[in-house]
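Examining the three-dimensional arrangement
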Amino acid sequence: MSRILVTVGTDHHPFQRLIDWADDFARRHREYDVFSQYGTARPPQHGRHAKLLDHAQLQTEIARADVVVCHGGPATITDIRRSGLIPLCVPRDPIRGEHVDHHQIQFAERIAEAGIVTACLNVYDLEEQVKLSLTIGRATVGFRSEVPTGVRKIGELLGALSPSRASSSEQSLPIVYIGGQGRSGTTLLERALGELPGVVSLGETVHLWDRGLRDDELCGCTEPFGSCPFWRSVGDEAFGGWDRIDPEGA
């Protein structure tokens, strides 16, 4: 049985249009296993569903799926691409009350031109696209080994803005803090910088205590937080081991 995953992310705006489509599709096509992550929308009546998925659960569902339909979130799209699937991307539309502005529509159209996603601005196009995607299947998605020109330029600009070190013997590392309002492009900037040699992208460290230390979710290296060599060394260096930290009191 083919598996269809529909995920709307965690934004507080209900994405009812997409969930209603998934509900109707699951009702009419019992031959498919449809799983809907519905967020703040009304839960569907048909197929499997969950309001939210933590990162590890989402990775599991993506790995099991034959087709993934998603919103226009860069992080979700990146995870789907790494799995070998081309996402069917339905961007949120602010005119329908699904988001604060048009950035998901603009982003989806741009990356669809590059072949990264299949953009579906109209949910009525989805059924045909789902069936087409099932004939394509999963492939090995190759990420370029060279650093793209745009990313390189961002790194050069950042280097020019960073203060020089006091001496060559100084052991401290420069730390770049990316601040901004939600949905302002900080995720894209962070992921671009993470492509540069010698740069470690830490993600949203504000969630380190609950998603990492408490819930032991998967790191980007695919290991659980507690098993990841990088984060284990960070805990040893900073605190003498993560077991010395109470995540509830951190």
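Throughout, residues of each chain are indexed from 1 in the direction in which the sequence is written. Reporting of local features is limited, given that this is a predicted model, to residues whose pLDDT is at least 70; pairs of side-chain atoms are given and counted only at 80 or more, and all residues count toward the totals for whole chains, interfaces and linings. Side-chain figures throughout are based on the complete set of non-hydrogen atoms in the structure, without hydrogens or water.

1. Considering unusual backbone geometry
For Asp-216, which is not a glycine, the phi torsion comes out positive at approximately 55 degrees. The helix count covers DSSP runs of H or I at least four residues long, the strand count covers runs of E at least two residues long, and both are numbered beginning at the N terminus. Within the element layout of this structure, Asp-216 appears in the loop between α8 (208-214) and α9 (229-239). Exposed residues in this analysis have more than 50% of their type's maximum accessible area, buried residues have under 20%, and partly exposed residues fall in between, with area computed by a 1.4 Å probe over protein chains only. Since its relative accessible area comes to 36%, Asp-216 is described here as partly exposed.

2. Considerations on the confidence of the model for the chain
The quantity called pLDDT is the predictor's confidence in a given residue, expressed from 0 to 100. Per-residue pLDDT for the chain averages 85, and the proportion of residues at 70 or more is 90%. The secondary-structure element of the chain with the lowest mean pLDDT is helix α6 (residues 149-161), recorded at 73, while strand β2 (residues 33-37) shows the highest, at 98.

3. Some thoughts on the state of the cysteines
Disulfides are defined in this document as cysteine sulfur pairs within 2.5 Å. Within the structure shown, the criterion is met by zero disulfides. We note that Cys-70 lacks a disulfide partner, and the nearest cysteine sulfur, in Cys-89, lies 4.7 Å from it.

4. Considering the packing of helix α3 (residues 74-82) against helix α7 (residues 186-193)
The relative placement of two packed helices comes down to the angle between their axes together with the axis-to-axis distance. Where α3 meets α7, the closest approach of the two axes is 9 Å, and the angle between their N-to-C directions is 45 degrees. In terms of orientation, α3 lies oblique with respect to α7. Mapping the contact onto sequence places Pro-74, Ala-75, Thr-78 and Arg-82 in α3 and Thr-187, Leu-188 and Arg-191 in α7. Looking at the contact of α3 with α7 residue by residue, the classes come out as three nonpolar, two polar and two charged. What counts as an axis is a line fitted to C-alpha atoms, over the stretch in contact for a helix, and the angles between N-to-C directions run from 0 to 180 degrees. For classification purposes, an angle smaller than 35 degrees is called roughly parallel, one larger than 145 roughly antiparallel, one from 65 to 115 roughly perpendicular, and anything else oblique. The criterion used for residue contact is that any of the two residues' heavy atoms lie within 4.5 Å. Asp, Glu, Lys and Arg are counted as charged, while Ala, Val, Leu, Ile, Met, Phe, Trp, Tyr, Cys and Pro are counted as nonpolar; the rest, among them Gly, fall into the polar class.

5. Here we look at a nonpolar patch on the surface
Only residues whose relative accessible area exceeds 30% and that take part in no salt bridge are eligible for patches, with like-charged residues grouped when within 9 Å of each other and nonpolar side chains (Val, Leu, Ile, Met, Phe, Trp, Tyr) grouped when within 5 Å. Accessibility throughout is a Shrake-Rupley quantity obtained with a 1.4 Å probe, and a residue counts as covered only by protein chains that appear here. For this document, the term salt bridge refers to a Lys or Arg side-chain nitrogen within 4 Å of an Asp or Glu carboxyl oxygen. Taken together, Val-200, Leu-202 and Phe-230 make up a surface patch of nonpolar side chains, about 260 Å² in accessible area. Residue placement: Phe-230 occurs in helix α9. Phe-230 gets classed as partly exposed once you look at its relative accessible area, which sits at 34%.

6. Examining the pattern of salt bridges
Applying the stated criterion across every chain yields a total of 12 salt bridges. A salt bridge links Arg-28 to Asp-24; its shortest N-O distance comes to 2.9 Å. One end of the pair, Arg-28, and the other, Asp-24, are both in helix α1 (residues 16-28), four residues apart, so they sit about a helical turn from each other. Judged by relative accessible area, which is 36%, Arg-28 ranks as partly exposed. For Arg-28, the salt bridge is made with Glu-127, and the minimal N-O distance between the two is 2.6 Å. Taken together, the positions of Arg-28 in helix α1 and Glu-127 in helix α5 (residues 126-136) put the pair 99 residues apart, joining distant regions of the chain.

7. Some points on helix α2 (residues 55-64)
Every buried residue belonging to α2 is among Leu-58, Gln-59, Glu-61 and Ile-62, and all of these are buried. Seen along its axis, α2 keeps its buried residues to an arc of 165 degrees; they face one direction. In the core, the buried residues of α2 are packed alongside β1 (3-7), β2, β3 (48-50) and α3. The opening residue of α2 is Asp-54, an N-cap whose side-chain oxygen sits 3.1 Å from the backbone nitrogen of Ala-56. Arc definition: it is the arc formed by the directions from the helix axis to the C-beta atoms. Pairs of N or O atoms within 3.5 Å make up the polar contacts considered here, provided that, within protein, one atom can donate a hydrogen while the other can accept it, and that residues adjacent in sequence are counted only when both atoms are side-chain atoms.

8. Focus on the pairing of β1
Within β1, four of the five residues are buried, leaving the element largely enclosed by the surrounding structure. Strands are treated as partners if at least two bridges between them are detected by DSSP. Here β1 runs beside β2; their pairing, made up of five bridges, is parallel. Bridge pairing in β2 places Leu-5 opposite Phe-35. With four bridges joining them, β1 and strand β4 (residues 67-70) adopt parallel strand pairing. By the bridge assignment for β4, Val-6 is matched with Val-69.

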